[in-house]
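Per-entry structural report
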Amino acid sequence: MGRSRGRSWLSVRSVAGQVFVLQLVIVLLLGVAATVALVLQGRHDAVEEARGRSVAVAETFANSPGVAQALHSRNPTKVLQPRAEAARKRSGLDFVVVVNPKGIRLTHPNPHRIGKQFIGTIGPSLRGHTITESRPGTLGPAMQAVAPIFDSRHKVVGVVGAGFTIRRVSGLAERQLPLLVGALSASLALATGGTALVGRRLRRQTRGLDPVELTRMYEHHDAVLHSVREGVLIISDDGRLVLANDEASRLLGLPERPEGRKVAELGLEPHVTDVLTAGRDVTDEVLVAGDRLLAINNRLTDRDGGPPGSVATLRDSTELRALSGRAEVAQKRLKLLYDASVGIGTTLDVGRTAEELAQVAVDRFADFVTVDLAEPVLRGEEPLALGGTDMCRTAVHGIRPDHPFYPVGRRFSFVPASPQAAGLNRGEPAVETDLAEATGWQAQDPQQTAKVIAYGVRSLVTVPLRARGVLLGVVNFWRTARRDPFEAEEVSLAEELASHAAVCIDNARRYTREHTMAVTLQHSLLPRALPAQSALDVAFRYLPAESGVGGDWFDVIPLPGARVALVVGDVVGHGLHAAATMGRLRTAVHNFSTLDLAPDEILSHLDDLVARIDQDERPGQPGGDGGEGITGATCLYGIYDPVTRCCTMARAGHPPPALVRPDGSVEFLELPAGPPLGLGGLPFETAEAKLAEGSHLVLYTDGLVEDRRREIDTGLELLREALSHPGRTPEQICTEVLDAMLPSDPSDDIALIAARTRVLGADRVASWDVPYDPAAVAGVRAEVMRRLAEWGLAEVAFTAELVLSELITNAIRHATGPIRVQLIRERALICEVSDTSSTSPHLRYAATTDEGGRGLFLVARFAERWGTRYTSGGKVIWAELAIP
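Everything numeric here is computed off the predicted structure, so don't read it as measured data.

Attention now moves to the overall build of the protein. A tally of helices and strands in the protein yields 25 helices and 31 strands. Counting every position in the protein, which comprises 884 residues, the buried fraction comes to 45%.

See below:
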């Protein structure tokens, strides 16, 4: 391997071999010339011979390797003194002195003379000339030569003085011959080493290729650069153009012979110049250069040790401009359809969906968009036919707010000649490219259409809104004179927009219909007005959730004995199912209240009812219809007695009621927290509270105090703050509580009841204890008659006497324990007889032969209402008599 490499670079065919041969020839020629000169020099007189030998030694020493480098070392004398003495001794000269540019000796045969001023002329030598001179020296009269020392940059860095004393001039030529031979040998060695270095560098730069291969490669590259149909530019790191092939010159319009000039001076467009000189990689960046569309790629060349700069390639993409333009239009249309699929139908509101359609299409497809829907669609109904149906302008949107079209809410009908009517009849879009000549469109409303044309509206595309086989309305896309009229190929895009929007509008219409039905059902199931009663002054509020119909409900139920029941409940969930379940529970509460049961018993019955409903409707259960099961219901039931001021309450998973005392202090009553309705297994408990007259009892559902952003404890504290203000009416309490606590977007229904307590005083209530003796009935009747006379109720005295006589007689005959009679003067005269027996009398028809059994028949005949309610100590039989 080594031999082959040696032969390769020493071969005469190689560049290194040729350089070596040239140097060898030069050295040999120099040696021959020096020998001839020495011979001729010996033939001259002694002075000329000494001058020549001095010059030879001085120049040889000055040009010898390492001399110039030694002058730049820290101690030149240490390096040069031995070499100078060795040269002096070998050459036979009397002295060889190296002098720096300041004339100071650096070497001398006498070391004491080193550092002293050189005796002789060095000025011409410092300018690069070798001189000879005869002058006195430190060793006596001498013939000396002064030669310059050059560094690698051919700069004089010192001089060499060498010579003979006059007495040694004779025979000098013979003694110089060995020195000449040594210099020639050194020159040959330097030439050989230099050639080897040059050969190695050339092999590295040429990748080992010989001149023939290099020539062939250059020819191939030149052919490629000039024949390829792609522009190639090579740019240096300082922004100068190194190479440009014919295609690059043609594409960029470069001047003749642009190589070597700055790219910024070639007259290119600024954005092209910026890309070419940016010093960064660029991949297929498309730029406009004149009337061409160029795709530019740029790569840096200083990777992997390469020279700094960049290589750019250019492709003419002008023929792709039309195709890219069509692709850009298609991309914009796809982006518009995507935005429409995302931006239309975000809500289930018909009007809002129509507005979203108009907003999406404006400016990217049309300048103005109007949406007209049939009036039944806005109500959630399905239009039977659009012919002759009144239309309603539902949405208008455009690039400017001062549009010339019908405003939103305007109702009108399309005339048969209009393109909208024709499109609705055929179910197809219609295009009017020039509205100024569209007589059918102008017939709709000549005065209004004239305003539209004067405004600058130029063309129209009208597309029917059809979804699931139902025509809902029409959407109109309008363009002004600032852009081209609608073309036939754009109609498909309008149809795509209208098709998606029609489905969304139909979904909103169906939701509106279902929501309207649910709201109607819910409102029909809730109390429309509060019943007349004297125990409480009641105000209420009901607010449905924005997400749909819920299951919150409330009720105020008058009870016998001037008592009133307050009820509030919540069925979990929304929709028709929750509303229907709420109605069933409210009806059940009314039925159970008719039985005059205690609050805990009513909740127990409701719990059984909810459990049965849930079992019947739970999916997958026997007997179920696969419908939606009840996931929970809560209820709070309370009975207030204005005679005793006692309020008895029980709750099933419901928030506790708030009691606002007359002084404004607020307390959440501690009621036993029963489980929600439908869970079963646990009993409900009642709690009693004495309420001062003028107190407010506030009942509510959890939607008031709890939502997604507020915990229930925080809501209860806010409610406490909102209620802690004395001297307000129930109406004021409801209004101010909702103002303080109503969320901006309630996610649940809210039911709120505020009831101010009243008390029936002693002037309206009378009671007597009746001894367990039939003879005592007469005395009680007399007391009752006197009290009725005091109350001014003489007209009902006879009826009251008859009813009380029958009730007291029945109690004495059939009941046990103490008997008590109570009269209450309210809206009616209430007669009550209580005893300790739990046996309830029953109304029946007595036979003609029966001695008794007609008492309750008479009571039922003369009383407006009568009944029995059970207490913890027995029962109360009551009857209400109308007061004239």
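On to the sheet that holds strand β29 (residues 828-835), then. With respect to topology, 5 strands assemble into an open sheet ordered β27-β28-β29-β31-β30, the strand pairing being antiparallel. Of all the strands in the sheet, the pair left with one neighbour each is β27 (765-770) and β30 (865-871). Between one strand and the next, the sheet's axes are offset by a mean angle of 15°, whatever the strand orientation. As paired strands, β30 and strand β31 (residues 874-882) are joined by 7 bridges and run antiparallel to one another. In the sheet register, Thr868 faces β31, and the bridge partner there is Ile877.

Attention now moves to the sheet that holds strand β15 (residues 470-480). Read from one edge of the open sheet, 6 strands run β12-β11-β10-β15-β14-β13, paired in antiparallel fashion. Each having just a single partner strand, β12 (411-412) and β13 (430-432) make up the two edges of the open sheet. Here 7 bridges tie strand β10 (residues 368-374) to strand β11 (residues 391-398), and the two strands are oriented antiparallel to one another. Bridge pairing links Ala374 to Met391 in β11. On top of the sheet, helix α17 (residues 491-525) reaches β10, β13, β14 (457-467) and β15; it is set at about 45° to β14, its chief contact.

Attention now goes to the side chain of Asn476. Locating Asn476 in the fold gives a position in strand β15. Residue Asn476 is classed as buried on the basis of its relative accessible area, which comes to 0%. A polar side-chain atom of Asn476 sits 3.0 Å from a polar atom in the side chain of Thr462.

Along its 16 residues, helix α5 (residues 76-91) runs 21 Å from first to last C-alpha, staying within 8% of the 22 Å computed at 1.5 Å per residue. Along α5, the residues that are buried comprise Pro76, Leu80, Gln81, Ala84, Glu85, Ala87, Arg88 and Ser91. Axial view of α5: buried residues confined to an arc of 160°, hence all on one face. Projecting away from the buried face of α5 at angles above 90 degrees are the exposed residues Lys78, Lys89 and Arg90. Positive phi appears at Gly92, one or two residues downstream of α5, with a value of about 80°.

Time to look at the nonpolar core. One finds Trp553, Leu606 and Tyr637 to be the most contacted residues of the largest nonpolar core, which totals 52 residues. Leu606 has contacts with Leu585, Ala588, Val589, Phe592, Cys635 and Leu677, leaving out every residue within four places of it along the chain.

On the surface, Val21, Val25 and Leu29 cluster together into a nonpolar patch covering about 250 Å² of accessible area. Looking at where Val21 falls in the secondary structure, it is placed in helix α2 (residues 15-43).

Bringing the pattern of salt bridges into the picture now. Taken as a whole, this structure holds 35 salt bridges when the rule is applied. Of the charged contacts, one joins Arg787 and Glu790 as a salt bridge, the two residues approaching to 3.2 Å between their closest N and O atoms. Linking Arg787 with Glu790, this pair stays in helix α23 (residues 777-790), spanning 3 residues, or about one helical turn.

This next bit is on the packing of α17 against helix α18 (residues 576-594). Relative orientation of the contacting elements α17 and α18 amounts to 10°, with a least axis distance of 9 Å. By the angle between their directions, the pair α17 and α18 is classed as roughly parallel. Of the residues in α18, those touching α17 at Glu514, Met517, Ala518, Leu521, Gln522 and Leu525 are Leu576, Ala579, Ala580, Met582, Gly583 and Arg586. Considered class by class, the residues forming the contact of α17 with α18 number 8 nonpolar, 2 polar and 2 charged.

Cut-offs and rules
Residues numbered from 1 in each chain as written. Predicted model: local features only at pLDDT ≥ 70, side-chain atom pairs only at ≥ 80, totals over all residues. Heavy atoms only, no water. Helix = DSSP H or I, 4+ residues; strand = E, 2+ residues; numbered from the N terminus. Buried < 20%, exposed > 50% of the residue type's maximum accessible area, 1.4 Å probe, protein only. Pairing = 2+ DSSP bridges. Axes fitted to C-alpha atoms, helices over the stretch in contact; angles between N-to-C directions. Contact = heavy atoms within 4.5 Å. Polar contact = N/O pair within 3.5 Å; in protein donor to acceptor, adjacent residues only side chain to side chain. Expected span 1.5 Å × (residues − 1). Arc of directions from axis to C-beta. Core = buried A, V, L, I, M, F, W, Y, C linked by side-chain atoms within 4.5 Å. Patch = residues over 30% accessible without salt bridge, like charges linked within 9 Å, V, L, I, M, F, W, Y side chains within 5 Å. Areas by Shrake-Rupley, 256 points an atom, 1.4 Å probe, with all protein chains shown as cover. Salt bridge = Lys/Arg side-chain N within 4 Å of Asp/Glu carboxyl O. Parallel < 35°, antiparallel > 145°, perpendicular 65-115°, else oblique. Nonpolar A, V, L, I, M, F, W, Y, C, P; charged D, E, K, R; others polar.

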